[in-house]
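An overview of the molecular structure
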Amino acid sequence: MANLTRRQRIHLRSYVNLFKILLIAAVVIAAAVLLIVRSARGRSGEEAPRSVSEAYAQEAEPISEPEAAEAAQTEPTPTPEPTPEPPAADVGSWELRLVRSDMLLPSDYAPELMEIENGQYFDARAGMHLKKLISDARDAGYTVFVCSGYRSYDTQYYLYWNHVDDYMAQGMSREEAEEATRVAVNYPGGSEHQLGLAADLLEYQGQDMEPYIGGSGLMLWLEEHCADYGFIIRYPEDKSDITGVEYEPWHLRFVGSCAGYIMGNHLCLEEFLALYS
């Protein structure tokens, strides 16, 4: 450096001083940046949760115990199954005619008949349906006896008043005897047998026609399958207050295509017809 001129020495000192200044400035800047980073990390560590579960716990409002219990017990309400709509039916048609002790047929009413078997007859428009039902019941292993089909007004008159006389002979008044008779025998003109669309089916001739036989094989088969042939159990066990007639599982009534709806919805004929009134 002794060989340098005075001018050169001056310039060299200037460069050294400038380098020192820049070095100091760089150190200061680096220190400042480091301080800022550390400060930011410290603040972030204090505010931020240590885990996702901690973050959820801080943001979510706590649920009270009653609310939690109610939520646990609440179940979605199931969508109810739609009730089938009644079928399109002409309630004034021949197969749906309502006959009761208070809705009488004329004494001379008699449909066109066809013989079924055993000297019993049925309305010719529905007779083949009854024949098919009897045949299939026998094929299923049951014995079938056609106890009664069509009955004339005169026959019904005899049956009705004969029952009344029997009850009176037991000590009943005439009024009491008629009231007792009407739960088992329709008033003349009020029988579906005169209509020609009713048949009493038993397992053998002379079988006791009491409600307990509803549990027998043939009666169960009839209840399950009669609608397939257009028939209903006309006087169900729990409908006596509507029909006015005691339970008769052997008494079939032809109603045609509406039978499936009536039996499937556990209706009596009165209830079915009321759907269209």
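Structure: see above.
Described below are features of the structure shown in this document. Since the structure is predicted, the reported quantities are computational estimates derived from the model, not experimental observations. (Residues numbered from 1 in each chain as written. Predicted model: local features only at pLDDT ≥ 70, side-chain atom pairs only at ≥ 80, totals over all residues. Heavy atoms only, no water.)

**Describing the overall build of the protein chain**
Within the protein chain, the secondary structure is distributed over eleven helices and six strands. Counting every position in the protein chain, which comprises 277 residues, the buried fraction comes to 33%. Taking contacts inside the protein chain between residues at least 6 apart in sequence as the whole, the part at least 24 apart equals 67%. (Helix = DSSP H or I, 4+ residues; strand = E, 2+ residues; numbered from the N terminus. Buried < 20%, exposed > 50% of the residue type's maximum accessible area, 1.4 Å probe, protein only. Contact = heavy atoms within 4.5 Å.)

**Let's talk about unusual backbone geometry**
The phi dihedral of Asn118 is positive, around 55 degrees, even though this residue is not glycine. Note on placement: Asn118 falls in the loop between β1 (113-117) and β2 (120-123). Relative accessible area serves as the criterion here: at 46%, Asn118 is assigned to the partly exposed category. A positive phi angle, close to 50 degrees, is found at His266, a residue other than glycine. Looking at where His266 falls in the secondary structure, it is placed in the loop between α10 (259-264) and α11 (269-274). On the basis of relative accessible area, His266 is assigned to the partly exposed category, the value being 43%.

**Details of the sheet that holds strand β6 (residues 248-254)**
Taken together, four strands build an open sheet; the order of strands is β3-β4-β6-β5 and the sheet is antiparallel. Only two strands of the sheet have a single neighbouring strand rather than two, namely β3 (145-148) and β5 (231-235). Taken pair by pair, the neighbouring strands of this sheet meet at an average axis angle of 45 degrees, ignoring direction. Here three bridges tie strand β4 (residues 198-202) to β6, and the two strands are oriented antiparallel to one another. The partner of Ala198 across the bridge, within β6, is Arg253. Packed onto the sheet, helix α4 (residues 127-139) meets β3, β4, β5 and β6 and runs at close to 15 degrees relative to β4. (Pairing = 2+ DSSP bridges. Axes fitted to C-alpha atoms, helices over the stretch in contact; angles between N-to-C directions.)

**What about the environment of Thr243?**
Among the secondary structure elements, Thr243 is positioned in helix α9 (residues 240-243). Looking at Thr243, the relative accessible area reads 5%, which means it is buried. Considering only alpha carbons, one finds Thr243 and Cys268, 25 residues apart in sequence, at a separation of 7.5 Å. Ignoring any residue separated from it by four or fewer positions in sequence, one finds Thr243 in contact with Arg100, Arg234, Tyr235, Cys268 and Glu270.

**Looking at the packing of aromatic side chains**
All told, the structure shown has ten aromatic pairs when counted by the stated rule. Between Trp221 and Tyr229, the ring centres sit 6.3 Å apart and the planes meet at 35 degrees, which makes this aromatic pair tilted. Ring-pair connections join several aromatic residues into one group, and the members of that group are Trp94, Phe122, Phe231 and Phe254. Positioned above the aromatic ring of Tyr109 is the side chain of Arg97, whose terminal nitrogen or guanidinium carbon lies 5.3 Å from the ring centre. One cation-aromatic arrangement involves Arg125 over Trp94; the distance from NZ or CZ to the ring centre is 4.1 Å. (Phe/Tyr/Trp six-rings, centres within 6.5 Å; stacked < 30°, edge-to-face > 60°. Lys NZ or Arg CZ within 6 Å of the ring centre and 35° of its normal.)

**Remarks on the environment of Gly217**
Take Gly217: it is sitting in helix α8 (residues 217-225). Separated by 75 residues in the primary sequence, Gly217 and Tyr142 place their C-alpha atoms 7.5 Å from one another. In this structure, Gly217 is in contact with Tyr142 and Glu203, ignoring residues within four places of it in sequence.

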